[in-house]
Amino acid sequence: MRHFAFMLAAVAAAAAIPAAAAIPAAVDLTAPLPPLLPWHGASERLIASPADPWITPAEARNFDATPSYAETRAYIDRLVAASPLLSIEPFGRTAQGRELYAVRAAKPGAARKPVLLAQAGIHSGEIDGKDAGLMLLRDIALRGKDRLLDHADLLFVPIFNADGHERTSRYNRPNQRGPANQGWRTTAQNLNLNRDYLKADTPEMRAMIGLLRKYRPALYLDLHVTDGTDYQYDITFAFPGWAGYYAHSPNIGRWLDRTYRPAVTAALARAGHVPGMYIDGNAENPDLGINLNADTPRFSTGYGDLARIPTVLLETHSLKPYRQRVLGTYVFIEESLRLVGGEGARIAAAIAADSADRPRTEVLTWKAAPRPLYVIPDFKGVTHKTYRSPASGRMEVRWLGKPVTQRMPVLGQVPDRIATLPAAWWVPVTKPDVIALLRLHGIAFETLAAPRTLTLDMVRLQSPEAKAPDEGHIPLKIAGFVHAGREETFPAGSVRVPSDQPLGLLAAAMLEPESPDSLLAWNFFPEILQRTEYIEGYVIAPLAERMLAADPALKREFEAKLKADAKFAADPEARLGWFYERTPYYDARFLLYPIGRELNR
Ligand SMILES: [Zn+2]
């Protein structure tokens, strides 16, 4: 899942949480999940019989458990050895050194076909995609479904977060009905890969971006499991452009909404599943509405939208049994592959149109819309009631497991901050990590062979503050951004990043200081937060006295400040600092964002 309905204030509380061993043995620790909704569907016929020599490890265990990294690879190696359609493509290594690989399923031939890249286990406790993919690969290789490869290639990543996949326990995902052995959400570096697309801190994400750039998939599936509220839907999905909202790549968004969405919905319904939009519900009052929000580029979908890669998030519902979820995921991947084959030319045209687009502005942040975007008249919900919990001391929701059809408002967002894009951004050679990230993402730039001096729009931060630790960073909350023209010299090796390029919006998301997932917001520039030269009191005090005597306006401003701000008036250092800031001796680079914006376009 992507959003937490509820999270412990972990940092402060961690020391007070007793070890599990302290709970008396008499307490039943089985997670008390809501009632199960009975289910049968045509997709059950996809399951191999127990006698089948090609039965997958999960099928062989009746979907009670999922195979380990090694066992998964052993099954795949056997399948690859048996089929000329399959091959293995290693594409990197995890932080702990495990090989990352994709299984490539393709028919031989010279013609380049559109590629479906299906990625399982970015959150490796949400592993439905892996076991669905093994079944589908088997059926493509050996069971007559090879026609799916007539007009498309499949690239299947069975386990993206391979280190987390091996941190296995039955206690990893208390809100989820199986498998019994679940992997862990984050990597061995405790980083969440589905927050890492833009900043790409992890070796896993760097490897994935390399794979995306190598194959330029026509469609990229990011396969998850979601918890949150209860409802009848078992297979939910999302993409930028859903119902026409939020897409930065409008042609791709339209294809996904008008062609892909109805086709996949119909295929799932035919197979007996209950497909629907990804549900980000209200945990305290589920009837208030569900959220349809824009994704920033830390997420697969937000990143794909800016990188012109059609990207779909699949979220099976954690309260449905593992078997049902795996089967729905199988149908989802299979139908996606069929669509990529049949729609390859139209997808390519949509990608080309969006890549050729040169928007002058970009919505950076969104705020809550004043009224619902629309209402789903026949939302397939589940009944609930509330009760007062002696544990929490407040009203809690109890799900009752009875299907109900209800009106459900879809709550959304409207644009908040909108940036007018500059002609280019200038990144100094002193920020090699930023330049390396631009290169990783395939953003075009020119490198200066000789120093250049020019006047750029430069931004100074107002009152930056550290936020809580997040994904290995201490992100910044910045109260304001002051723009001013400023002459700067960029040494040789600095780079100019034009916004006039297919990935101009991605560059903006990364480099515009006010972008919520910008490198500045992640605090890639902590060095600018520190002032490094000083002035002694015996110098600044007499200089300040001279300034007061010579400048009546300054004197009035100072006296007004003394009157209005008692704390300031009582603080000699602050008073002298006020004058220091107004002298040319002050550190002119303090709080200055070093990336310049070239405005004339
Ligand atoms: Zn997830």
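These numbers come from a predicted model, not from an experiment. (Residues numbered from 1 in each chain as written. Predicted model: local features only at pLDDT ≥ 70, side-chain atom pairs only at ≥ 80, totals over all residues. Heavy atoms only, no water.)

## Focus: the overall build of the chain
Consideration 1: In terms of regular secondary structure, the chain is built from 16 helices and 22 strands.
Consideration 2: Taking 601 residues into account, the globule formula puts the C-alpha radius of gyration at 25 Å, and the chain, at 28 Å, falls close to it.
Consideration 3: Taken along the three principal axes of its C-alpha coordinates, the chain extends 95 × 65 × 45 Å.
Consideration 4: For the chain, the proportion of its 601 residues judged to be buried stands at 53%.
Consideration 5: Within the chain, contacts between residues at least 6 apart in sequence are counted, and of these 79% link residues at least 24 apart.
Consideration 6: For the chain, the accessible surface area stands at approximately 26700 Å², while carbon and sulfur atoms represent 55% of it.
Consideration 7: Of note, the chain has its 70 positive side-chain charges centred 3 Å away from the centre of its 66 negative side-chain charges. (Helix = DSSP H or I, 4+ residues; strand = E, 2+ residues; numbered from the N terminus. Rg over C-alpha atoms; globule rule 2.2 N^0.38 Å. Buried < 20%, exposed > 50% of the residue type's maximum accessible area, 1.4 Å probe, protein only. Contact = heavy atoms within 4.5 Å. Areas by Shrake-Rupley, 256 points an atom, 1.4 Å probe, with all protein chains shown as cover. Lys, Arg positive; Asp, Glu negative; His and termini not counted. Charge placed at Lys NZ, Arg CZ, Asp CG, Glu CD.)

## Some remarks on the sheet that holds strand 8 (residues 280–281)
Consideration 1: The strand order across the open sheet formed by 4 strands is 8-9-14-13, and the pairing between neighbours is mixed. Each edge of the sheet is formed by a strand with only one pairing partner; in this case those strands are strand 8 and strand 13 (374–388).
Consideration 2: Where strand 13 meets strand 14 (residues 395–411), 12 bridges bridge the pair, whose relative direction is antiparallel. Counted as the bridge partner of Lys 385 is Arg 398 from strand 14. (Pairing = 2+ DSSP bridges.)

## A few points about empty space enclosed by the protein
Consideration 1: Here the structure, examined in full by the defined rule, presents 3 cavities of 30 Å³ or more.
Consideration 2: Its volume calculated, the largest cavity comes out at about 80 Å³.
Consideration 3: For the largest cavity, the lining is made up of 15 residues, of which Asp 230, Pro 286, Phe 379, Trp 399 and Met 408 are closest to its centre.
Consideration 4: Secondary-structure elements contributing two or more residues to the lining of the largest cavity are strand 13 and strand 14.
Consideration 5: Considering every element that reaches the lining of the largest cavity, the biggest residue donor is strand 13, with 4 residues.
Consideration 6: Broken down by class, the residue content of the lining of the largest cavity amounts to 8 nonpolar, 5 polar and 2 charged.
Consideration 7: Counted as a void, the second largest cavity has a volume near 60 Å³. (1 Å grid on protein atoms, 1.4 Å probe; cavity = no way out; pocket = protein on both sides within 12 Å on 5 of 7 lines; lining within 4 Å. Points joined across faces, edges and corners; volume = space filled by probe spheres on them. Nonpolar A, V, L, I, M, F, W, Y, C, P; charged D, E, K, R; others polar.)

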